[in-house]
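Take a look at the letters that make up each chain.
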Amino acid sequence: MIDPLEIVATVFVAASVILAVFRSLWQFPAGIIGTSLSFFMLWGAGLYSSAVLQPVFIATLVYGWWFWMRGDDRKAPQIRSTPLALVAAACGAALVMALGFAWVLDTYTDAAMALPDAIILALSIVAQVLLSLKRIENWHVWVLVNALSVWVYGSQQLWLYTALYGFFFFNAFWGWWEWRKEVRQKASGEVGI
């Protein structure tokens, strides 16, 4: 039987990610509710890195909400790009930190799947920061996170979360496509969403 907490968390998290594709400010309150609920569900499954990630998500969601409303000289920021070398360096540093965190979890806790779960934590922080800053490369990092999450959450029999992250995997391509389309429309002078 699927835990009702997993159902409600999944609905709010899914809504938040879909709203992010459409660049809606409603992604932020939906995400805050969903990640708050996800903390308890993931902790109960022994996925401590994924659970610890939820308060980080909440902090970046609060920041992103502010930034998207007023953070770029008091106006909504435009979609921007980050050099891929910088994104790769951030991901590399995140992976090194994940190795250390996984060692701590393996040594001192009963964590399930400590290394892949720690990698989800580390790369999700990179992706979420890029999303909060409205950087198009966030979608590239989310593809990696979502692929790994499907395996980890499926291994822990969190079936709704497995399906959710399967959807997120494809959603990351859609998000990239939509954001790229907006960038191209603005560059060519077309009026877009």
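The structure displayed is predicted, hence computed values, not measured ones.

Student: An account of empty space enclosed by the protein is requested, with residue identities and associated values reported.
Tutor: Per the counting criterion, the structure on display carries one cavity of 30 Å³ or more. In this structure, the largest cavity spans a volume of roughly 270 Å³. Lining the largest cavity we find 20 residues, and of these Val13, Ser16, Val17, Gln128 and Trp142 sit closest to its centre. For the lining of the largest cavity, the secondary-structure elements that each account for two or more residues are helix 1 (4-21), helix 2 (27-44), helix 3 (48-70), helix 5 (114-132), helix 6 (138-155) and helix 7 (159-188). It is helix 7 that contributes the most residues to the lining of the largest cavity, five residues altogether. Of the residues assigned to the lining of the largest cavity, the class counts are twelve nonpolar, eight polar and no charged.

Student: So, the packing of aromatic side chains: which residues are in play, and what are the values?
Tutor: Inspection of every chain in the model, using the stated rule, returns 21 aromatic pairs. Ring centres of Tyr63 and Phe67 lie 5.8 Å apart, and the angle between their planes is 15 degrees; on these two criteria the pair is classed as stacked. Taken together, the residues Tyr63 and Phe67, both in helix 3 and four residues apart, mark about one turn of the helix. A relative accessible area of 37% means that Tyr63 is categorised as partly exposed. Note on Phe67: relative accessible area 12%, which makes it buried. Centroid distance Tyr165 to Phe168: 4.9 Å. Interplanar angle 70 degrees. Geometry classified as edge-to-face. Within this pair, Tyr165 and its partner Phe168 are both found in helix 7, separated by three residues, close to a single helical turn.

Student: Explain a nonpolar patch on the surface to me, using residue names and the numbers behind them.
Tutor: A contiguous nonpolar surface patch, about 440 Å² in accessible area, is contributed by Ile2, Ile7, Val8, Val11 and Trp159. Top contributing element to the nonpolar patch by residue count: helix 1, with three residues. Within the element layout of this structure, Val11 appears in helix 1. Residue Val11 is classed as exposed on the basis of its relative accessible area of 53%.

Student: An account of the nonpolar core is requested, with residue identities and associated values reported.
Tutor: If you look at soluble globular proteins, the nonpolar side chains tend to sit buried side by side. Counting residues in each nonpolar core, the largest one holds 53 residues, and the members touching the most others are Leu42, Trp139, Val141, Trp142, Tyr153 and Tyr161. Elements represented by at least two residues in this core include exactly helix 1, helix 2, helix 3, helix 4 (84-108), helix 5, helix 6 and helix 7. The element contributing the most residues to this core is helix 5, with eleven residues. With residues up to four places along the chain from it excluded, the contact list for Leu42 reads Leu47, Ser50, Ala51, Gln54, Tyr153, Leu158 and Tyr161.

Student: Tell me about the side chain of Asn146, and please be specific about residues and values.
Tutor: Mapped onto the secondary structure, Asn146 falls in helix 6. For Asn146, the side chain forms a polar contact with the main-chain oxygen of Phe168, separated by 3.0 Å. What Asn146 contacts, discounting residues up to four positions off in sequence, is Tyr165, Phe168, Phe169 and Ala172.

Student: I'd like a description of helix 1, backed by residues and values.
Tutor: Helix length check: helix 1, at 18 residues, gives a terminal C-alpha distance of 26 Å against a target of 26 Å (1.5 Å per residue), a fit within 8%. The set of residues buried in helix 1 consists of Glu6, Ala9, Thr10, Val13, Ala14, Ser16, Val17, Ala20 and Val21. Here the buried residues of helix 1 occupy an arc of 160 degrees about the axis, which is enough to place them on one side. For helix 1, exposure combined with an orientation more than 90 degrees from the buried face picks out Pro4 and Val11. Of the residues flanking the start of helix 1, the one acting as N-cap is Asp3, its side-chain oxygen 3.0 Å from the backbone nitrogen of Leu5.

About the cut-offs
- Residues numbered from 1 in each chain as written.
- Predicted model: local features only at pLDDT ≥ 70, side-chain atom pairs only at ≥ 80, totals over all residues.
- Heavy atoms only, no water.
- 1 Å grid on protein atoms, 1.4 Å probe; cavity = no way out; pocket = protein on both sides within 12 Å on 5 of 7 lines; lining within 4 Å.
- Points joined across faces, edges and corners; volume = space filled by probe spheres on them.
- Helix = DSSP H or I, 4+ residues; strand = E, 2+ residues; numbered from the N terminus.
- Nonpolar A, V, L, I, M, F, W, Y, C, P; charged D, E, K, R; others polar.
- Phe/Tyr/Trp six-rings, centres within 6.5 Å; stacked < 30°, edge-to-face > 60°.
- Buried < 20%, exposed > 50% of the residue type's maximum accessible area, 1.4 Å probe, protein only.
- Patch = residues over 30% accessible without salt bridge, like charges linked within 9 Å, V, L, I, M, F, W, Y side chains within 5 Å.
- Areas by Shrake-Rupley, 256 points an atom, 1.4 Å probe, with all protein chains shown as cover.
- Salt bridge = Lys/Arg side-chain N within 4 Å of Asp/Glu carboxyl O.
- Core = buried A, V, L, I, M, F, W, Y, C linked by side-chain atoms within 4.5 Å.
- Contact = heavy atoms within 4.5 Å.
- Polar contact = N/O pair within 3.5 Å; in protein donor to acceptor, adjacent residues only side chain to side chain.
- Expected span 1.5 Å × (residues − 1).
- Arc of directions from axis to C-beta.

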